[in-house]
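Coordinate inspection notes
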Amino acid sequence: RAAGAGEVEAVPGVRVRVASVRGLADAGASARGIRAGEAPAALAALDAGAAPLLAPVLAACVRAARDRAAGQGAARTPGAEIVLALSGSKHVAEAFSRFGVSPESRGAVLVCLVDDLGEAEFERAVAELFPGERWPGPEPLPPAPEDLSRIAKLYKLRPEETADVRAAEDAVLSKMALRGL
C-alpha cells in the first residue's frame, strides 16, 4: 500500500522506501561505491533485472525487518539482510552476486526500511550513487522479457510461471515461502 512518495507499507508496521533507476550512467561505479561503503548500510541496492517485481522485494523487506527485530539477522547490515532475504541464500556473497547491483546492471531497485534510513539520506544516496533516469512511483521498472527469463533461472520457475508479470510474482512469492520466508 502506498504510504507516501516512494514509500510503501509492506505490511502493517513495516514501511519501505523504494526508488528505481534505469539507464545507470555507470553501473560499475555504483557497484564499486557500494562495496567501498559509500552507500548507507541500511540501503539494499538490487539489480533491476533480478528484482523487477515489487511484491517479492517487499516480502524480503518484511523478512529482514522481522529477523532483525528478533535478533536473528544473518547479515551485518539492514541492507544486506534485505538482499539475503530476497535471494533465499544463507551466504551474503552469493546473495549479492545474484541480486546486487553489478557493472552489468542496466538499472537498480533501491530499498530500505523507513525506520533504518531517513528520507533525505535515502534520496541523497540514490542521486549520488545511482545516476540515471529515476522511475516515478514505488513500483520497480516494468520487467523486460529477459528479466522474466532471469527470474525463472534464479528461482527455478517453469516457463508457464513467467508467462506474465502477475504469474511470475505469484510464483516467486511461492518459492520464497517454500524456502522459509
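Everything that follows concerns the structure shown earlier in this document.
Parameters and conventions
- Residues numbered from 1 in each chain as written.
- Predicted model: local features only at pLDDT ≥ 70, side-chain atom pairs only at ≥ 80, totals over all residues.
- Heavy atoms only, no water.
- Helix = DSSP H or I, 4+ residues; strand = E, 2+ residues; numbered from the N terminus.
- Core = buried A, V, L, I, M, F, W, Y, C linked by side-chain atoms within 4.5 Å.
- Buried < 20%, exposed > 50% of the residue type's maximum accessible area, 1.4 Å probe, protein only.
- Contact = heavy atoms within 4.5 Å.
- Pairing = 2+ DSSP bridges.

What to know about unusual backbone geometry
Even without glycine at this site, Lys156 takes up a positive phi of about 55°. Here Lys156 lies in the loop between helix 6 (145-155) and helix 7 (165-178).

Details of the nonpolar core
Core analysis: the biggest nonpolar cluster contains 41 residues, and Val16, Leu46, Ile82, Leu86, Phe99, Val111 and Tyr155 have the highest contact counts within it. Only strand 3 (14-22), strand 4 (44-47), helix 2 (54-69), helix 3 (78-87), helix 4 (92-99), strand 5 (107-113), helix 6 and helix 7 provide two or more residues apiece to this core. Per-element accounting of this core gives the leading share, 9 residues, to helix 2. For Ile82, the contacting residues outside a window of four places in its chain are Ala44, Ala60, Cys61, Ala64, Val111, Cys112 and Leu113. Core analysis: the second largest hydrophobic core is formed by 18 residues, Val21, Ala45, Val101 and Ala125 among them.

With respect to the pairing of strand 5
The buried fraction of strand 5 amounts to 7 of the 7 residues, a majority that puts the element mostly inside the structure. The side-chain alternation of strand 5 yields two buried faces, one formed by Gly107, Val109, Val111 and Leu113 and the other by Ala108, Leu110 and Cys112. As paired elements, strand 3 and strand 5 share 7 bridges and run antiparallel to each other. When the bridges of strand 5 are listed, Val16 appears paired with Leu113. Here strand 4 runs beside strand 5; their pairing, made up of 4 bridges, is antiparallel. Residue pairing in the sheet places Leu46 in a bridge with Val109 of strand 5.

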